[in-house]
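# Structural overview for review
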Amino acid sequence: LVGPLDTLTIWVEQLQAAIASYARIEGLADVPREEPRPAADPVDDRIEVADVRFAYDGGRDVLRGVDLVVRPGERLAVIGTSGAGKSTLARLLAGLERPRTGSVTVGGTPVADLSPDRLREQVVLVTQDHHVFHDTVRDNLRVAKPDATDEELHGALEALGARWIKDLPEGLDTEVGTVVSLDGARAQQLSLARVVLADPHTLILDEATALLDPTTARETEQSLAAVLRGRTVIAIAHRLQTAHDADRVAVLEAGELVELGTHDELVDAGGPYAALWASWHGGHDDQDPRREPGAT
Ligand code: ADP
Ligand code: MG
């Protein structure tokens, strides 16, 4: 089993890496909730994390008995201090790691057992890293959907407002990275176009702190909103506004899920989330609600 599994893992890693992008996830707030995707099957989409323990390389457990059901179509924000295990959980949810004990399933199947095609349909992890290969725009995009037609590729770029493709000397045949280099915003749009092409039911956004200028940030937030529409979204949130706007919030602390509920429920509960919210909201009640505690 080791051979084929390894190959699958490498393939998936490559795909997931290629699909990686940035995320200023406060863009979540702009996503309309209507228009459920017709392809989404509620039973098939249900993600269940059951008593998951996970350790890197035989080290201590960095996830220590996490239970979580993600409902199809919901927007779940995951918050927690650095090192709490948020990115590890994201990797497990995306099938990039297997739990030491317990299970992570989608529609009842362990997510790490899904075929690459099935995985790509089900769940894609988006991180802050861009992966633009020294290759044509076409091949850069086809990583996410090998049989995509040029029409589909143009459609995905258009969905993100990436009009620059029309200005490239050879369109989709233009080699990027060598002949033409893509700036950060364009690289992000390319990454997000891959997500549109992969068209997964569930999108996991791991926090990104890409420091974009405000105009680019706003444009990309709008692009992200288009990508998120109608999907299940699990957002590793670095801004409390994201948690506030989500359907539910999960709070991780030292590898344990210590709170799970709606923003209002957690504020009423008076636990760690309530404290975090109070300290942040108290300081910024009439100004920019997107600012973090301590942000300048
Ligand atoms: P978060 O995303 O909440 O900051 P992580 O999931 O990245 O937390 O990390 C959880 C714990 O696992 C931390 O103690 C971190 O040092 C450790 N860790 C993360 N990645 C690795 C790795 N590749 N190898 C070993 N330990 C890791
Ligand atoms: Mg992290």
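A short tour of the structure in this document, coming up. (Residues numbered from 1 in each chain as written. Chains lettered and ligands numbered in written order. Predicted model: local features only at pLDDT ≥ 70, side-chain atom pairs only at ≥ 80, totals over all residues. Heavy atoms only, no water.)

Moving on, we get to the site of ligand 1. Taken together, Tyr56, Arg60, Val62, Thr81, Ser82, Gly83, Ala84, Gly85, Lys86, Ser87 and Thr88 form the complete shell of residues around ligand 1. Contact with the protein chains hides 60% of the accessible area of ligand 1, taken as 560 Å² for the molecule alone. With three residues, helix H3 (residues 86-93) is the largest single contributor of residues to the shell around ligand 1. Grouping the constituent residues of the shell around ligand 1 by class yields three nonpolar, six polar and two charged. (Near = heavy atom within 4 Å. Areas by Shrake-Rupley, 256 points an atom, 1.4 Å probe, with all protein chains shown as cover. Helix = DSSP H or I, 4+ residues; strand = E, 2+ residues; numbered from the N terminus. Nonpolar A, V, L, I, M, F, W, Y, C, P; charged D, E, K, R; others polar.)

One open sheet accounts for four strands, arranged S2-S1-S4-S5; its pairing is antiparallel. Single-partner strands in this sheet number two, and they are strand S2 (61-70) and strand S5 (109-110). Sheet topology note: the strand S1 (residues 47-55)/S2 ladder contains seven bridges and is antiparallel. Its bridge partner lying in S2, Val52 is registered against Val66. Relative to S1, H3 is tilted by about 125°, and along the sheet it contacts S1, S2 and strand S4 (101-106). (Pairing = 2+ DSSP bridges. Contact = heavy atoms within 4.5 Å. Axes fitted to C-alpha atoms, helices over the stretch in contact; angles between N-to-C directions.)

Let us look at the pattern of salt bridges. One pass over the structure, following the stated rule, counts 14 salt bridges. One salt bridge in this structure joins Arg100 and Asp61, with 2.7 Å as the shortest N-O distance. Remark: Asp61 occurs in strand S2 and Arg100 occurs in the loop between H3 and S4; sequence separation between them is 39 residues. In this structure, Glu256 engages Arg64 in a salt bridge whose closest nitrogen and oxygen atoms are separated by 2.8 Å. (Salt bridge = Lys/Arg side-chain N within 4 Å of Asp/Glu carboxyl O.)

Here we have six strands laid out as an open sheet, ordered S6-S9-S10-S3-S11-S12, and mixed in their pairing. Single-partner strands in this sheet number two, and they are strand S6 (123-126) and strand S12 (256-261). The sheet shows a mean angle of 15° between the axes of neighbouring strands, direction not considered.

In this structure, Asp51 takes a positive phi of about 45° despite not being glycine. With respect to the helices, strands and loops of the structure, Asp51 is situated in strand S1.

Attention now moves to empty space enclosed by the protein. In the structure shown here, the tally under the stated rule is one cavity of 30 Å³ or more. Its volume calculated, the largest cavity comes out at about 30 Å³. Taken together, His154, Leu157, Glu158, Ala162, Arg163, Ile165 and Lys166 make up the full set of residues lining the largest cavity. (1 Å grid on protein atoms, 1.4 Å probe; cavity = no way out; pocket = protein on both sides within 12 Å on 5 of 7 lines; lining within 4 Å. Points joined across faces, edges and corners; volume = space filled by probe spheres on them.)

Tracing the backbone shows Gly107 in the loop between S4 and S5. Sequence separation of Gly107 and Asp45 is 62 residues, and the distance between their C-alpha atoms is 5.5 Å.

Assignment of secondary structure puts Arg231 in the loop between helix H8 (214-228) and strand S10 (232-236). Residue classification places Arg231 among the buried residues on the basis of a relative accessible area of 7%. Of the polar contacts made by the side chain of Arg231, one reaches the side chain of Asp199; its length is 3.1 Å. (Buried < 20%, exposed > 50% of the residue type's maximum accessible area, 1.4 Å probe, protein only. Polar contact = N/O pair within 3.5 Å; in protein donor to acceptor, adjacent residues only side chain to side chain.)

A few words on helix H6 (residues 150-159). For H6, the full list of buried residues reads Leu153, Ala156 and Leu157. All buried residues of H6 lie within an arc of 95° about the axis, which places them on one face of the element. For H6, the exposed residues lying more than 90 degrees away from the buried face are Glu151 and Glu158. Each element contacted by the buried residues of H6 is listed here: helix H5 (137-142) and helix H7 (184-198). (Arc of directions from axis to C-beta.)

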